[in-house]
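# Structure at a glance
For reference, the chains in residue letters:
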Number of protein chains: 2
Amino acid sequence: MTEDTTTKPPLTRAATLAKAHAEITANRLDALVAASPGNVYYTSGTYFMTQKNIPERLGLVSITSDDDPAFVYCTIEEGHATQESWLKNLRGYTEFADQPVDVLVDVLKKQGADRGRIGVEKRFFSAIDFERLRNRLPKAEFVDADPIFDRMRAIKTPEEIRILGDAAMATDAAIRVAFTEAAAGMTELAVGEMMVAEAKNRGGEKLLHLVLAAGANGFKIHAEPGTTQLKSGDVLRTDFGMIWSRFYLSDIARTAFVGRLEPWQDETYRKLEHVQQTTIAAMKPGVKASDVYRICADAFARAGVEFKMPHIGHGIGVVIHENPMLHPFDHTILEPGMVFMLEPAIRGRDGFYHTEDMIEITETGQRVLSRSADWATPMVIS
Amino acid sequence: MTEDTTTKPPLTRAATLAKAHAEITANRLDALVAASPGNVYYTSGTYFMTQKNIPERLGLVSITSDDDPAFVYCTIEEGHATQESWLKNLRGYTEFADQPVDVLVDVLKKQGADRGRIGVEKRFFSAIDFERLRNRLPKAEFVDADPIFDRMRAIKTPEEIRILGDAAMATDAAIRVAFTEAAAGMTELAVGEMMVAEAKNRGGEKLLHLVLAAGANGFKIHAEPGTTQLKSGDVLRTDFGMIWSRFYLSDIARTAFVGRLEPWQDETYRKLEHVQQTTIAAMKPGVKASDVYRICADAFARAGVEFKMPHIGHGIGVVIHENPMLHPFDHTILEPGMVFMLEPAIRGRDGFYHTEDMIEITETGQRVLSRSADWATPMVIS
């Protein structure tokens, strides 16, 4: 709800097109088509937020090696396309009267790509739209472009890293402030409200998610803040994210203790922190995402803690889980400019213990972008 | 964030399965597969909210004419599947290690449907998942199940209508309260905050969308509340929705005037209200959705107002735009138990004029569920 105060834009037309053209050449494509809101943002400079609630209202960007990329959008999004996008080759369609795929077909014909190799997002395109596209362009060869866009977006621009890092640090600080002001007797809801208010004061625009639970509430399916009052001896866990600089996301998890700290709570917390620091130290250029997962799993095993997480973290940007993902089957090699949320958790005997940090991969190793305070020591809410 | 206080559940296993079995028979299907969060909710009783942020984390329900329906879900959603669903035939998959489509293929084989006619949501299934499904089941015939689920969900249960009606009425009342407490000099943000707080007091759980703009701000792309102060003579427009009873949505638009009412503002407002009432009167069983659109377009023409809206309204439930839609190409015949949001708008010379009501189709005609106050007379904020 606040104005964008970024001085330099996180993305530029020139840098994005250079990346896209390199991929078009490397994959011998005649056209590369973006369709998901994240990839349309990346290639056009504007994000159709309404697609979150109305996914059928497609936006599409078709890029070739020489032409000005074409932007197919619903005329309801006219202002976004004309005033916020860096694209000039605009093709609006009228919702319900026109089929977005038919307009894309016209565009691909004009671009001379209708009998060529076309990269499309098969993870995002619906079966019905893809069927229509193939039927309308029987001579075209369709290539899965998901890995291409994943690669393009995985390396963040310096401005993206600044925005994401500022958002992560402000989210962390808001959690710390709320935990500092919290006290036994206060409800989960009251702590959550302080957290959101503090994040908004620091520039957070909209709430993305807020998990906040005291004690055994952390085991509930819906670990959202409720009317339960904090009491001495509780473990308090939050996983909190907001939207910043219009499109970028934050996602930070922290754990603290109400009133006092039991020795076994201290031990569990420090084990989790040790796993986190061991894993962070392993994150550097040349290491595979799957290796990071394995190193984390090993650290859990050495700490004698059961480990069953399908993933331990994820890329982040304008989508909450961006690739690469830190799971056993993602063999992407870490490179400088990648940004990860690393979030191991322990199912303790009194609740979930969870920590989540933003890690930037640098030329020489990594940088933690999300610690506004000392979380290595368990925080006791007094 | 509040507990569900509904006494009778909005959906029941028996009623949903009866609808599904009738469709399976009528369409000679061997299996009917739900995949989108809305249809998985409808057929399982639980909603995977995380799919809004993480769409790849599929939930799938496969229904046959005799078996217990099978529920394929990510083990991260274990609690939802085991404690919140009415399904007992559960098949969890481990994210990244398993492919949800492969688990569905196993299920369809066990159900004996792997060589039969299978209804799938082609609007929701991704091209890559559908390709995998077809490759794994080459003998199966795949039928587009989107119209089937649309029909099932279009007729709301009495409990759904009660929840949706209460939510619409409370949203309307929250707007009225905020407009009543508003005054010249107050910012759009302050009015919006009063609106959200009032809706939360009345049971609204989470903000869905909040458009709120004074005067020419209504023409902006991002008509979200900002630091602009209301001033005498402004038209003030809002389009506001929240989440209620955990999964159901509200969506109400209203227009008012700050300080005084100019004659031409009064005229524009009354034209819009006349269009609204004319269209409402035409909404009854037997009339087509496209006819409702045409009647509204005619009313605009008779009022001498330019009309370019691609649609004038939509079904609503657990998804903001549910079918039937009130547009020229939707020829669904209105039936008792359908619920629509009717939302014509006028681009006035000083801002947007917008009104939106919830209309239930009854046996004999229709009922307006969203007017907590007299909106026929233009409201002047003093």
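What comes next concerns the included structure.

Scoring rules and cut-offs
- Residues numbered from 1 in each chain as written.
- Chains lettered and ligands numbered in written order.
- Predicted model: local features only at pLDDT ≥ 70, side-chain atom pairs only at ≥ 80, totals over all residues.
- Heavy atoms only, no water.
- Helix = DSSP H or I, 4+ residues; strand = E, 2+ residues; numbered from the N terminus.
- Rg over C-alpha atoms; globule rule 2.2 N^0.38 Å.
- Buried < 20%, exposed > 50% of the residue type's maximum accessible area, 1.4 Å probe, protein only.
- Contact = heavy atoms within 4.5 Å.
- Areas by Shrake-Rupley, 256 points an atom, 1.4 Å probe, with all protein chains shown as cover.
- Pairing = 2+ DSSP bridges.
- Axes fitted to C-alpha atoms, helices over the stretch in contact; angles between N-to-C directions.
- Lys, Arg positive; Asp, Glu negative; His and termini not counted.
- Salt bridge = Lys/Arg side-chain N within 4 Å of Asp/Glu carboxyl O.
- Least-squares fit on C-alpha atoms with pLDDT ≥ 70 in both.
- Left-handed = near helix turned anticlockwise from the far one by under 90°.
- Buried area = accessible area lost by both parts, 1.4 Å probe.
- Polar contact = N/O pair within 3.5 Å; in protein donor to acceptor, adjacent residues only side chain to side chain.
- 1 Å grid on protein atoms, 1.4 Å probe; cavity = no way out; pocket = protein on both sides within 12 Å on 5 of 7 lines; lining within 4 Å.
- Points joined across faces, edges and corners; volume = space filled by probe spheres on them.
- Nonpolar A, V, L, I, M, F, W, Y, C, P; charged D, E, K, R; others polar.

Helix and strand counts for chain A come out as 10 helices and 18 strands. The C-alpha atoms of chain A give a radius of gyration of 23 Å, which matches the 21 Å a tight globule of 382 residues would have. Classification of the 382 residues of chain A by burial places 59% in the buried group. In chain A, 69% of the contacts between residues at least 6 apart in sequence involve partners at least 24 apart. Counting only carbon and sulfur atoms, one obtains 51% of the accessible surface of chain A, whose full area is about 14700 Å².

Take the sheet that holds strand 13 (residues 339-342) of chain A next. All names here are of chain A. Judged by pairing direction, the sheet is antiparallel, and its 5 strands sit side by side in the order 12-11-13-16-17 without closing on themselves. Unpaired on one side and paired on the other, strand 12 (322-325) and strand 17 (366-368) mark the two borders of the sheet. Averaged over all neighbouring strand pairs, the angle between strand axes comes to 30°, with direction disregarded. The sheet contact formed by strand 11 (residues 313-315) and strand 13 spans 3 bridges and is antiparallel. Across the sheet, residue His-314 finds its bridge partner in strand 13, namely Met-341.

Here the focus is the side chain of Asp-129 of chain B. Residue and element names in this part refer to chain B. Assignment of secondary structure puts Asp-129 in helix 5 (residues 127-136). No salt bridge is formed by the buried Asp-129. Its closest oppositely charged neighbour is Arg-132, at 6.3 Å. Those residues in contact with Asp-129 that lie beyond four places of it in its chain are Leu-58 and Val-101.

Residue and element names in this part refer to chain A. With mixed pairing, 6 strands are arranged side by side in an open sheet as 4-3-2-1-5-6. Of all strands in the sheet, those with a lone pairing partner are strand 4 (89-93) and strand 6 (141-144), marking the two edges. In this sheet, adjacent strand axes meet at a mean angle of 20° when their direction is disregarded. Pairing geometry for strand 2 (residues 60-63) and strand 3 (residues 70-74), over 3 bridges, is antiparallel. Directly across from Val-61, in strand 3, lies its bridge partner Phe-71.

Bringing the relation of the copies chain B and chain A into the picture now. Once chain B is rotated about the relating axis by 180° and shifted along it by 0.0 Å, it coincides with chain A to within an RMSD of 0.0 Å. The superposition of one copy onto the other is thereby described by a two-fold rotation axis. A shared interface surface links the copies, since 100% of the contact residues of chain B are contact residues in chain A too.

Attention shifts here to the packing of helix 1 (residues 13-26) of chain A against helix 6 (residues 146-154) of chain A. Residues and elements named next belong to chain A. Running from N to C, helix 1 and helix 6 point in directions that differ by 145°, and their axes come no closer than 10 Å. As for the relative orientation of helix 1 and helix 6, their crossing is right-handed in sense. Along the contact surface, helix 1 presents Thr-16, Lys-19, Ala-20 and Glu-23, while helix 6 presents Ile-148, Arg-151 and Met-152.

This part covers the interface of chain B and chain A. Taken residue by residue, the interface counts 40 residues in chain B and 41 residues in chain A. Summed over both partners, the interface of chain B with chain A comes to about 3700 Å²; 64% of that surface belongs to carbon and sulfur atoms. Put simply, chain B and chain A have 4 salt bridges between them. As a salt-bridge pair, Lys-206 of chain A and Glu-224 of chain B come within 2.7 Å of each other at their nearest N and O atoms. For the pair chain B and chain A, the number of links is 16 residue pairs in polar contact (both at pLDDT 80 or more). Among the secondary structure elements, those contributing two or more residues to the side of chain B that touches chain A are helix 3 (78-84), helix 5 and strand 7 (206-214) of chain B.

Residue and element names in this part refer to chain A. The linkage connecting Asn-323 with the following residue, Pro-324, adopts the cis geometry, with an omega of 0°. With respect to the helices and strands, the residue Pro-324 is situated in strand 12. Positive phi, normally seen in glycine, also occurs at Phe-96, with a value near 75°. When you line up the elements, Phe-96 lands in the loop between strand 4 and helix 4 (100-110).

Attention shifts here to the environment of Glu-141 of chain B. Residues and elements named next belong to chain B. Within the element layout of this structure, Glu-141 appears in strand 6 (residues 141-144). A residue is classified by how much of its surface remains accessible, and Glu-141, at 41% relative accessible area, is partly exposed. For the pair Glu-141 and Gly-119, spaced 22 residues apart in the sequence, the C-alpha separation amounts to 8.5 Å. Aside from chain neighbours lying at most four places away, what touches Glu-141 is Gly-116, Arg-117 and Ile-118.

Per the stated rule, a full pass over the model turns up 56 salt bridges over all chains. A salt bridge links Asp-357 of chain A to Arg-254 of chain A; the shortest N-O distance between them is 2.7 Å. Highlighted residues: Asp-357 of chain A in strand 16 (residues 357-361) and Arg-254 of chain A in strand 10 (residues 252-258), separated in sequence by 103 residues. Here Asp-357 of chain A and Arg-254 of chain A have matching classes, each one buried. The shortest N-O distance in the salt bridge between Arg-294 of chain B and Asp-298 of chain B comes to 3.6 Å. With Arg-294 of chain B and Asp-298 of chain B both in helix 10 (residues 289-302), this residue pair falls 4 residues apart, about one helical turn.

On to the pairing of strand 13 (residues 339-342) of chain B. Residue and element names in this part refer to chain B. Residue alternation in strand 13 divides its side chains into two sets, Val-339 and Met-341 and Phe-340 and Leu-342, and both sets are buried. Across 4 bridges, the pairing between strand 13 and strand 16 (residues 357-361) is antiparallel. Residue pairing for strand 16: Leu-342 is matched across the bridge by Asp-357.

On to empty space enclosed by the protein, then. Considering all chains together, one arrives at 6 cavities of 30 Å³ or more under this definition. There is about 70 Å³ of room inside the largest cavity. Mapped by element, the contributors of at least two residues to the lining of the largest cavity are helix 5 (127-136) of chain A together with helix 5 of chain B. Broken down by class, the residue content of the lining of the largest cavity amounts to 4 nonpolar, no polar and 4 charged.

With that settled, the discussion passes to the packing of helix 4 (residues 100-110) of chain B against helix 5 of chain B. Residue and element names in this part refer to chain B. Where helix 4 meets helix 5, the axes come as close as 10 Å, and the angle between the chain directions of the two elements is 40°. Judged by the twist between their axes, the crossing of helix 4 over helix 5 is right-handed. Counted together, Val-101, Asp-102, Leu-104, Val-105, Leu-108 and Lys-109 of helix 4 and Asp-129, Arg-132, Leu-133 and Arg-136 of helix 5 form the full contact between these two elements. Broken down by class, the residue content of the contact of helix 4 with helix 5 amounts to 5 nonpolar, no polar and 5 charged.

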